[in-house]
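Coordinates in review
Residues per chain, in single letters:
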Amino acid sequence: MPAAKTSRKTPAAPAGQPAKQKKAQRTSPTESVRVEVWTRAAGRCQLCNEWLLESTQIGHYSYRRGEMAHIVGQSDDPRSPRTDSPLTKEQRENPDNFMLLCQPDHDTIDHKLGVGEFTIAKLHELKREQEAHMRHVTGLPRNKKTCVVRVFGTIRSNTVQLSRQECNETTLRHANPRFAQFYLDPRNEGTEIELTPLGNPEDHASLEIYWSAARTAIIKGIGKIQDAVKAGDITHLSIFPFARIPALVYFGFHLGNKVRVTLFERHRVAEEEWYWQPDAATLAFEWRRLQQGTQVDSVALIVNISGTIPIADLPSAFDQRFTVYELRPVGVTPVPGLIASQATLGAFRGCYRQFLGMLEQEHKSARQLHLFPSVPLSIGVAVGMDLMPNVHPELLVYDRCPSNFALALTVNS
Ligand SMILES: [Zn+2]
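Residues numbered from 1 in each chain as written. Predicted model: local features only at pLDDT ≥ 70, side-chain atom pairs only at ≥ 80, totals over all residues. Heavy atoms only, no water.

Labelled according to an unreviewed UniProt entry, the chain appears under the name SAVED domain-containing protein, originating from Hymenobacter jeollabukensis.

Quick look at the structure:
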């Protein structure tokens, strides 16, 4: 509303009431109302979240740019926005009737094109949500931090972007909220483990050139993480994976279990890409033997979760000597998007560990396990993390590239 602002033109006062109108402009809102509105909004625009206590236009000089915007219009003047309300004039000066906004957003909600969208009810809802969020966030202990690790590469020519702010929003909205930190990227150069410039494996003269470069980049990133964990600078990691599955298995294995980790999964839901859906149904998993081999130490595992790899798609070397297992969700056709909740991810990991335990018993002499994964990204990391060095067999991870499976990476060798 214009009355609460000093930078806008004052509208003409209704005829016959000039003195009264001017008086209202000088006294509204009171200092105590301002303090309450600013505090509840935590100094941020309640629409766009801009920090309003400093202005970039005049360097870092502290300057209040926030504007006190009436939700129900200050007066009953029908030319003002949002005047249709039973609130008395005094009630309209209550903190509940003000929003803290940046100047452009204040202009937007008061503009004749904006009033249709920004109704009284809508503004109350936005104010309530923002204030509840600020109360939640400012109540978190400062030591609840998590170090963000984005492992990003190219997947069939697709790449992904995830800003620092989006990371922070995601870790704060998690069931166990934490403040995102970017300890591994102090100069804000971008992604912590960056494989994107490598392009696709098939872009290179040989696949090994790609996987060798990927291994080098991952080991370099893991080295930084391990140093920071040793120094006590990192106590928790939030992993955002988007890369070829063998690279993620390799990353997960070398990361190990020495530091607590929250894995995130990229979901195909607009604007909520990385949020887990705690209410999604929890799936169960099972393994079964697709083929009984003639050599007890020759074992392959097909993990069918995002799609189904038929046994016929395995390279011809996987003949009747091999015992081939399949690990899959119970009673559900493998399709993308099945891992919607952390509970389902946990159920998969439990089943996978049991499978590894079964291998120790029934294929004691097997030194190698050949893995053919059709899995979501978080599972790629988990498969590596849950493989125990010196206990479980060497894991040979295959990749469909572009149509036939080829060995990509070996871990635990
Ligand atoms: Zn704003």
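1. A few points about the overall build of the chain
If you tally the helices and strands in the chain, you get nine helices and 13 strands. Taken over the C-alpha trace, the chain has a radius of gyration of 29 Å; the compact-globule value for 413 residues is 22 Å, which it surpasses by more than 25%. Projected onto its principal axes, the C-alpha positions of the chain cover 100 × 45 × 40 Å. For the chain, the residues scored as buried account for 47% of the 413 residues in total. Taken as a whole, the chain presents about 21,300 Å² of accessible surface, with 50% of it coming from carbon and sulfur. For the chain, the distance from the average site of its 48 positive side-chain charges to the average site of its 44 negative ones is 5 Å. (Helix = DSSP H or I, 4+ residues; strand = E, 2+ residues; numbered from the N terminus. Rg over C-alpha atoms; globule rule 2.2 N^0.38 Å. Buried < 20%, exposed > 50% of the residue type's maximum accessible area, 1.4 Å probe, protein only. Areas by Shrake-Rupley, 256 points an atom, 1.4 Å probe, with all protein chains shown as cover. Lys, Arg positive; Asp, Glu negative; His and termini not counted. Charge placed at Lys NZ, Arg CZ, Asp CG, Glu CD.)

2. Considerations on the environment of A217
Residue position: A217 is located in helix α6 (residues 207–230). Taking the relative accessible area as the measure of exposure, A217 reaches 23% and is therefore partly exposed. In this structure the C-alpha to C-alpha distance between A217 and I379, which are 162 residues apart in sequence, comes to 20 Å. If we skip the residues at most four places from it in the chain, A217 touches I193, E194 and L195. (Contact = heavy atoms within 4.5 Å.)

3. Considering the pairing of strand β6 (residues 236–242)
Most of β6 sits inside the fold, with seven of its seven residues counted as buried. Residue alternation in β6 divides its side chains into two sets, H236, S238, F240 and F242 and L237, I239 and P241, and both sets are buried. Two elements, strand β3 (residues 145–152) and β6, share six bridges in a ladder whose sense is parallel. Note on β6: the bridge partner recorded for R150 is F240. Examined bridge by bridge, β6 and strand β7 (residues 260–263) share four bridges and lie parallel to one another. (Pairing = 2+ DSSP bridges.)

4. Structural notes on unusual backbone geometry
With a phi close to 55°, R82 is a non-glycine residue in the positive phi region. Its place among the elements puts R82 in the loop between β1 (67–70) and β2 (98–101). A relative accessible area of 10% places R82 in the buried class. A positive phi angle, close to 45°, is found at R156, a residue other than glycine. Overall, R156 belongs to the partly exposed group, its relative accessible area being 44%.

5. Quick notes on the domain arrangement of the chain
How big an interface is tends to be expressed through the accessible area that disappears when the partners come together. By the assigned domains, the chain splits into domain 1 (2–138), domain 2 (145–263) and domain 3 (285–411). Taken over C-alpha atoms, the centre of domain 2 sits 23 Å from the centre of domain 3. Contacts between domain 2 and domain 3 engage 26 residues on the former and 28 residues on the latter. Roughly 2,200 Å² is buried in total at the junction of domain 2 and domain 3, and carbon and sulfur atoms are behind 74% of that figure. Three residues stand out in domain 2 for area buried against domain 3, namely V249, F253 and L263, and they jointly supply 30% of the buried area on that side. Summed over the shared surface of domain 2 and domain 3, the number is one salt bridge. Here domain 2 and domain 3 share six residue pairs in polar contact (both at pLDDT 80 or more) between them. Tallied by class, the residues present in the side of domain 2 that touches domain 3 amount to 17 nonpolar, five polar and four charged. (Domains from an automatic or database assignment. Buried area = accessible area lost by both parts, 1.4 Å probe. Salt bridge = Lys/Arg side-chain N within 4 Å of Asp/Glu carboxyl O. Polar contact = N/O pair within 3.5 Å; in protein donor to acceptor, adjacent residues only side chain to side chain. Nonpolar A, V, L, I, M, F, W, Y, C, P; charged D, E, K, R; others polar.)

6. A short note on the coordination of the zinc ion
Here the zinc ion is held by the protein donor atoms C45 (SG), C48 (SG), C102 (SG) and D105 (OD), which lie 2.0 to 2.2 Å from it. One can describe the donor arrangement at the zinc ion as tetrahedral, given that its four donor atoms subtend angles of 101 to 119° at the metal. For the zinc ion, all donor residues lie on one chain, and their spacing in sequence is C-x2-C-x53-C-x2-D. For D105, a relative accessible area of 16% translates into the label buried. (Donors = N, O, S within 2.8 Å, 3.2 Å for Na, K, Ca; no water. Tetrahedral: all angles 85-135°; square planar, octahedral: opposite > 155°, others 65-115°.)

7. Quick notes on the packing of aromatic side chains
In the structure shown here, the tally under the stated rule is 13 aromatic pairs. Judged by centre distance (5.2 Å) and plane angle (90°), the rings of F318 and F372 are edge-to-face. One end of the pair, F318, is in the loop between β9 (299–304) and β10 (323–329); the other, F372, is in strand β11 (residues 368–374), with 54 residues separating them in the sequence. Residue F372 is classed as buried on the basis of its relative accessible area, which comes to 0%. Centre to centre, the rings of F348 and Y352 are 5.9 Å apart; their planes meet at 10°, and the pair counts as stacked. (Phe/Tyr/Trp six-rings, centres within 6.5 Å; stacked < 30°, edge-to-face > 60°.)

8. Remarks on the environment of I309
You can see I309 is positioned in the loop between β9 and β10. For I309, a relative accessible area of 5% corresponds to the buried category. Considering only alpha carbons, one finds I309 and P334, 25 residues apart in sequence, at a separation of 9.8 Å. Among all residues touching I309, those that are not within four sequence positions of it are I302, N304, L314, F372, P373, S374, R400 and F405.

9. Quick notes on the packing of helix α7 (residues 245–255) against helix α9 (residues 377–385)
At a minimum axis separation of 6 Å, α7 and α9 run at an interaxial angle of 40°. Relative to α9, α7 is oriented oblique. Judged by the twist between their axes, the crossing of α7 over α9 is right-handed. Of α9, the residues touching α7 (which contributes I245, L248, V249, F251, G252 and F253) are L377, G380, V381, V383, G384 and M385. Here the contact of α7 with α9 is built from residues that sort into nine nonpolar, three polar and no charged. (Axes fitted to C-alpha atoms, helices over the stretch in contact; angles between N-to-C directions. Parallel < 35°, antiparallel > 145°, perpendicular 65-115°, else oblique. Left-handed = near helix turned anticlockwise from the far one by under 90°.)

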